[in-house]
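Structural overview for review
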There are 2 protein chains.
Amino acid sequence: MKEIPADRESLADQVYESIRDAIILGELIPGSLHSMYHFAAELHVSRTPVREALIKLADQGMVRFERNRGIRILLTTIHDLEEIFSLRLLLEVPATFRATDQFVASDRRQLRQALDALNELRPEDPKSSARDHLECDARFHRVIMKASGNQRLANFIDTLRDLQQVRGASTVGVTRDFQDVYQDHLDIYERITAGDAAGAAAAMKNHIALTARLLLAQEAGDVGSAPRFDLSWLDMFTANNVSAPQAPPRL
Amino acid sequence: MKEIPADRESLADQVYESIRDAIILGELIPGSLHSMYHFAAELHVSRTPVREALIKLADQGMVRFERNRGIRILLTTIHDLEEIFSLRLLLEVPATFRATDQFVASDRRQLRQALDALNELRPEDPKSSARDHLECDARFHRVIMKASGNQRLANFIDTLRDLQQVRGASTVGVTRDFQDVYQDHLDIYERITAGDAAGAAAAMKNHIALTARLLLAQEAGDVGSAPRFDLSWLDMFTANNVSAPQAPPRL
DNA sequence: TTCCAGAGTGTAGCATGCGACGTGTGACGT
DNA sequence: ACGTCACACGTCGCATGCTACACTCTGGAA
């Protein structure tokens, strides 16, 4: 776990980020039990900021307090993933539509930056690249969500993505390669910058829906028990009636 | 502010509910500044559980910590209401659709109970009735959200409704009377119990959209400066293409 | 050998001590 | 009369003391 630097930010916030990152990076095994004393000693702070950070993480569903026992690191279950992707589809698709109409130069610059970062990733180190990819992917989406003008929506999506990353699951390198995913994002970028709101929304919808299908099938396969997932009912709430090519162009 | 009872639940949680309710009930004036010492003395607890409760409230946007100054009670702004109603439309309409398909007997019983409570309300005491109405309204919606099977969605909607209630705004008795609102909910109830998912979703959409329009116009009028609100872009993401009567039947 | 009981260990939950800092106030100089 | 500065007060942020309780492990009895 990373040490706490000595700069001027709330200690509790720094501890929050440290523990959150440690969970996402898999340094804290889901299901394992820890104590506030342990975290406090590890991070060289007192129990108070640790407790405050853990309360936030418990609210987000990443850990659970067990009275007089410790703090349990929670695993993001398949059902959690279903909830997460349902919410992402319901929120990110309309937000992309809205963002396109409100996009300004600085948004475009940031989105381009995130896109380039995504393109420059190469699967040299398989382990770290997957994590890096999740990070870049998150940056790309965050720019769009913020541009939608709904701050609460952007924050909520952020917490959902954190939970998704706890699972550590990525389709990259498993059912899709870097280039496929890059192409998805390039589609979205081009439609947004072209001012094609309906097209951008449709591209985002296809991107998330494809990721959800592949990821749910892939993760469910890991545990053997694979109940069928049905996200198709979401179709009618994600503007399947907008004028966009049914099959988005692929190279 | 209500005192803390001596039963067995986390003190911090009880303090959270006390302060949240106090804000919603308007006992804590938005914009006013308070201290943790003040809350602790008032509720006869130490500063620790007070601080933990306030952290949660700050996360939800109901209060703000001002370092070495105190805790500021925040006002839900018009822009906040826009964000809230956008999210409610994007989430509650699909959730209603989904809930209809998964409704079980116990859900139906609870929904009926909430509906009856709504019907029995009468504007005898104008002040408390408005609050009671908001509470019953929240219960009705919560049953449906839980029945949708997405716990995160239900929780998120709950926090949004809390923020909405901070504003204390209700259309009841201003631009609509009790009977109109009851009719809205009766429509939703009947379509859900009839298994008409698309119809229930459409009814929920109309209900929320109408409330949003009236409330935003009404609240914006209070302060004089009334920028135009445009929630119409949400139409295509709330299943305007489902087979449902354009004008829902009214008695 | 098995079951039960009781003490020990470690934990969260809450109370409290303490330091740093922003703010307001009052005195002093001009 | 007005501007400036220093001091005192109140507050958060963090550290630490303390208590009740859940679990475990051991020892003895059946």
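Just so it is clear, the structure is predicted and the values come from calculations on it, not from any experiment. (Residues numbered from 1 in each chain as written. Chains lettered and ligands numbered in written order. Predicted model: local features only at pLDDT ≥ 70, side-chain atom pairs only at ≥ 80, totals over all residues. Heavy atoms only, no water.)

1. Here we look at the protein's contact with DNA strand C
In the region of DNA strand C, 24 residues are neighbours, and Arg51 and Ile71 of chain A together with Leu11, Ser46 and Arg47 of chain B sit closest. Here the atoms of DNA strand C within 4 Å of the protein split so that 69% fall in sugar or phosphate, with bases taking the remainder. One of the backbone nitrogen or oxygen atoms of Asn68 of chain A is found 3.1 Å away from a sugar or linking oxygen of DNA strand C. With respect to DNA strand C, the side chain of Arg47 of chain B contributes an N or O atom lying 2.3 Å from a base oxygen. (Near = heavy atom within 4 Å. Polar contact = N/O pair within 3.5 Å; in protein donor to acceptor, adjacent residues only side chain to side chain.)

2. Side note on the packing of aromatic side chains
Applying the stated rule across the entire model yields one aromatic pair over all chains. Residues Phe156 of chain A and Phe156 of chain B carry aromatic rings whose centres are separated by 3.7 Å and whose planes lie at 0° to one another, so their mutual orientation is stacked. Of the two residues, Phe156 of chain A sits in helix H7 (residues 151–166) while Phe156 of chain B sits in helix H7 (residues 151–166), which places them in two different chains. The buried category is assigned to Phe156 of chain B, whose relative accessible area is 11%. Across from the ring centre of Tyr16 of chain A, 5.9 Å away, lies the NZ or CZ of Lys56 of chain A, which sits over that ring. (Phe/Tyr/Trp six-rings, centres within 6.5 Å; stacked < 30°, edge-to-face > 60°. Helix = DSSP H or I, 4+ residues; strand = E, 2+ residues; numbered from the N terminus. Buried < 20%, exposed > 50% of the residue type's maximum accessible area, 1.4 Å probe, protein only. Lys NZ or Arg CZ within 6 Å of the ring centre and 35° of its normal.)

3. Overview of the layout of surface pockets
Considering only enclosed or pocket space, the second largest pocket measures out at about 850 Å³ in volume. If you go around the second largest pocket, you meet 28 residues; those closest to its centre are Ser10 of chain A together with Arg51, Ile55, Phe65 and Glu66 of chain B. Those elements that place two or more of their residues in the lining of the second largest pocket are helix H1 (11–24) and helix H3 (47–60) of chain A together with helix H2 (36–43), helix H3 (47–60), strand E2 (63–66) and strand E3 (70–73) of chain B. Looking at side-chain class alone, the lining of the second largest pocket contains twelve nonpolar, six polar and ten charged residues. (1 Å grid on protein atoms, 1.4 Å probe; cavity = no way out; pocket = protein on both sides within 12 Å on 5 of 7 lines; lining within 4 Å. Points joined across faces, edges and corners; volume = space filled by probe spheres on them. Nonpolar A, V, L, I, M, F, W, Y, C, P; charged D, E, K, R; others polar.)

4. A short note on the environment of Pro30 of chain A
All names here are of chain A. Relative to the helices and strands, Pro30 resides in the loop between H1 and strand E1 (33–34). Residue Pro30 is classed as partly exposed on the basis of its relative accessible area, which comes to 35%. For the pair Pro30 and Val166, spaced 136 residues apart in the sequence, the C-alpha separation amounts to 8.6 Å. Leaving out residues up to four positions away in the same chain, Pro30 has contacts with Ile73, Leu74 and Leu75. (Contact = heavy atoms within 4.5 Å.)

5. Here's the deal with the environment of Thr96 of chain A
Checked against the element boundaries, Thr96 of chain A lands in helix H4 (residues 78–102). Thr96 of chain A gets classed as buried once you look at its relative accessible area, which sits at 0%.

6. Observations concerning the confidence of the model for chain A
Taken as a whole, chain A shows an average pLDDT of 84; of its residues, 80% reach a score of 70 or greater. The model gives residues 3–7 of chain A a pLDDT under 50, and that stretch makes ten contacts with residues more than four places away or in other chains. (pLDDT = per-residue confidence, 0-100.)

7. Focus: helix H5 (residues 105–120) of chain A
Residues and elements named next belong to chain A. Taking 1.5 Å per residue as the helical rise, H5 with its 16 residues ought to reach 22 Å, and the 23 Å between its terminal C-alpha atoms agrees with that figure. All buried positions along H5 are accounted for by Asp107, Leu111, Ala114, Leu115, Ala117 and Leu118. Projected down its long axis, H5 shows its buried positions confined to an angular sector of 160°, all on one face. In H5, the exposed positions angled more than 90 degrees off the buried face are occupied by Ala105, Arg109 and Glu120. (Expected span 1.5 Å × (residues − 1). Arc of directions from axis to C-beta.)

8. Regarding the sheet that holds strand E1 (residues 33–34) of chain B
Residue and element names in this part refer to chain B. Within the open sheet, the three strands sit side by side as E1-E3-E2. Their pairing is antiparallel. A single partner strand is all that each edge strand has here, and the edge strands are E1 and E2. Taken strand by strand, H3 contacts E2 and E3, and its axis lies near 115° from that of E2. (Pairing = 2+ DSSP bridges. Axes fitted to C-alpha atoms, helices over the stretch in contact; angles between N-to-C directions.)

9. Some thoughts on the protein's contact with DNA strand D
Around DNA strand D sit 24 residues, and of these Leu11, Ser46 and Arg47 of chain A together with Arg51 and Ile71 of chain B come closest. For DNA strand D, the backbone makes up 68% of the atoms found within 4 Å of the protein, where backbone means sugar plus phosphate. Within the side chain of Arg51 of chain B, a nitrogen or oxygen atom sits 2.5 Å from a phosphate oxygen of DNA strand D. Broken down by secondary-structure element, the contributors of at least two residues to the surface near DNA strand D are H1 and H3 of chain A together with H2, H3, E2 and E3 of chain B. Counting residues per element, the surface near DNA strand D draws most heavily on H3 of chain A, which supplies three residues. When the residues that make up the surface near DNA strand D are grouped by side-chain class, the tally is nine nonpolar, eight polar and seven charged.

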